[in-house]
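Structural description and commentary
Here is what each chain is made of, one letter per residue.
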Amino acid sequence: MVTGAGRGLGREHALLLAELGARVVVNDNGAAPDGSGDDAAPARQVAAEITERGGEAVAHTGSVSDWNTADELIGLAVGTYGGLDILVNNAGILRDRTLANMTEQEWDSVIDVHLKGHFCPLRHAAAYWRGEAKAGRPRRAAVVNTSSGSGLRGNPGQANYASAKAGIAMLTIVAARELERYGVRSNAIAPVARTRLTSATPGLGDRLEASGDGGFDPWHPENVSPLVAYLASPDCHLSGRVFSVMGGHIGLQQSWTESDPFDVSERKWTVDEIAQAMKDLPAGPDEFRMSA
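Attention in this report is confined to the structure presented alongside it. The model shown is predicted, which means the values in this text are computed figures rather than measured ones.

Rules used in this analysis
Residues numbered from 1 in each chain as written. Predicted model: local features only at pLDDT ≥ 70, side-chain atom pairs only at ≥ 80, totals over all residues. Heavy atoms only, no water. Helix = DSSP H or I, 4+ residues; strand = E, 2+ residues; numbered from the N terminus. Buried < 20%, exposed > 50% of the residue type's maximum accessible area, 1.4 Å probe, protein only. Contact = heavy atoms within 4.5 Å. Areas by Shrake-Rupley, 256 points an atom, 1.4 Å probe, with all protein chains shown as cover. Pairing = 2+ DSSP bridges. Axes fitted to C-alpha atoms, helices over the stretch in contact; angles between N-to-C directions. Core = buried A, V, L, I, M, F, W, Y, C linked by side-chain atoms within 4.5 Å. Salt bridge = Lys/Arg side-chain N within 4 Å of Asp/Glu carboxyl O. Expected span 1.5 Å × (residues − 1). Polar contact = N/O pair within 3.5 Å; in protein donor to acceptor, adjacent residues only side chain to side chain. Phe/Tyr/Trp six-rings, centres within 6.5 Å; stacked < 30°, edge-to-face > 60°.

1. Here we look at the overall build of the protein chain
When its secondary structure is counted, the protein chain shows ten helices and seven strands. The 292 residues of the protein chain split such that 46% are buried. Of the contacts formed within the protein chain by residues at least 6 apart in sequence, a portion of 68% connects residues at least 24 apart. Summed over all atoms, the accessible surface of the protein chain reaches about 15000 Å², with 50% contributed by carbon and sulfur.

Have a look at this one:
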């Protein structure tokens, strides 16, 4: 099952998984990049394209951030194909705004689609996998979530998006620890590719239009999908990992790590001692890098 599979990255994921033999539930409510509107056509078109190529696919057009719709989506996969082995959470929107200008609705809508839109399908899938394991039918299943460089490092103007994507990275790690007992792995990707969302990101859209040397296009979303397929494969042993991916590049991203520790023995710090200990720390990160 691939969410947000009507266009962009999700479409490429669905097509490659189908090419490799997966039977695919193509989910997309057809909303605009800002989440407005809905259109059943994109999901149906991708499902039809898979079928025309000799694969098996069924379309679903509901919102993954709706609790009952997400449950229905898992049920569609199980009812149509007899089980669920791969969940690729990909759906998302953008409503970029600086903190001083962001509205409550712009915050809520992005958190809802990205973070809750990952949680709802994952929660219902987890319940299904737990039930299968308890019934003596454990499945070698895999979850692939979609985080972002913005969530791992922070982009100005994307407090809502970055917060959601950071939450998705940690949700991935928690899921890996919880679902291991049921035979389920959980990993995430932080992709950079030319999509409707990244093309609308301030300062990034123009860069995405360049295609390198005119041959290999490093920005094409199809470059991301082989990593998704590998992480979804039963041959993959990895879990609880987050990978950056763009063009021909894949990099393992590490979680928060402690550096420059300061300690005193068997007593609490004084404020003056802390000020003295930290006076030589850099004021902030060496650089702020724009990452999709």
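2. Some words on the sheet that holds strand β5 (residues 184-191)
Taken in spatial order, the five strands of this open sheet run β3-β4-β5-β6-β7, and their pairing is mixed. Looking at which strands have only one partner, the edges of the open sheet turn out to be β3 (86-88) and β7 (249-253). The sheet shows a mean angle of 20° between the axes of neighbouring strands, direction not considered. Here strand β4 (residues 141-146) pairs with β5 via six bridges, running parallel. Bridge pairing in β5 places Thr146 opposite Ile189. Its contacts with the sheet put helix α6 (residues 159-179) on β4, β5 and β6 (242-246), and the angle it makes with β5 is roughly 160°.

3. Let's talk about the nonpolar core
Residues Leu17, Val24, Val26, Ile50, Ile189 and Leu231 are the most contacted members of the largest nonpolar core, which totals 30 residues. Secondary-structure elements contributing two or more residues to this core are α1 (8-19), β1 (24-27), α2 (41-52), β3, α9 (225-232) and β6. By residue number, the principal contributor to this core is α1, which donates six residues. Counting residues in hydrophobic clusters, the runner-up holds 21 residues, among them Ile74, Leu84, Leu122 and Val184.

4. With respect to the pattern of salt bridges
The full count for this structure, using the stated rule, is ten salt bridges. Between Asp85 and Arg139 there is a salt bridge, with its nearest N and O atoms 2.8 Å apart. One end of the pair, Asp85, is in the loop between α3 (67-81) and β3; the other, Arg139, is in the loop between α4 (104-134) and β4, and 54 residues separate them in sequence. According to the relative accessible area criterion, Asp85 is partly exposed, its value standing at 34%. Put simply, Arg139 and Glu132 hold a salt bridge, and the shortest N to O gap is 3.8 Å. Given the relative accessible area of 11%, Glu132 is considered buried. What you see here is one network of salt bridges that share partners, running through Arg11, Glu12, Glu49 and Arg53.

5. Notes on α1
An ideal rise of 1.5 Å per residue puts 16 Å on twelve residues; α1 measures up with 17 Å between its terminal C-alpha atoms. Burial analysis of α1 places nine of its twelve residues in the buried class, the great majority of the element. Among the residues of α1, those classed as buried are Leu9, Gly10, Glu12, His13, Ala14, Leu15, Leu16, Leu17 and Ala18. Looking one or two residues past α1, Gly21 carries a phi angle of roughly 110°, positive in sign.

6. Some remarks on the side chain of Ser147
Mapped onto the secondary structure, Ser147 falls in the loop between β4 and α5 (149-153). You can call Ser147 buried: its relative accessible area is 1%. Within the structure, the side chain of Ser147 is placed 2.8 Å from the backbone oxygen of Lys165, a separation counted as a polar contact. Sequence-distant contacts of Ser147, that is, excluding residues within four places in its chain, are made with Leu152, Lys165, Ile168, Ala169, Ile189, Ala190 and Pro191.

7. A short note on the pairing of β7
Sheet analysis places β6 next to β7, joined by five bridges and oriented antiparallel. Note on β7: the bridge partner recorded for Met246 is His249. Joining the antiparallel neighbours β6 and β7 is a turn of two residues, in which Gly247 adopts a positive phi near 55°.

8. Looking at the packing of aromatic side chains
According to the stated counting rule, one finds one aromatic pair in the structure shown. Seen from their ring centres, Trp67 and Phe119 are 6.0 Å apart, and the 35° between their planes marks the pair as tilted. Of this pair, Trp67 sits in helix α3 while Phe119 sits in helix α4, placing them 52 residues apart in sequence. For Trp67, a relative accessible area of 36% translates into the label partly exposed. Its relative accessible area of 36% is what places Phe119 among the partly exposed residues.

So far we have only geometry, and geometry alone does not tell us how the molecule works.
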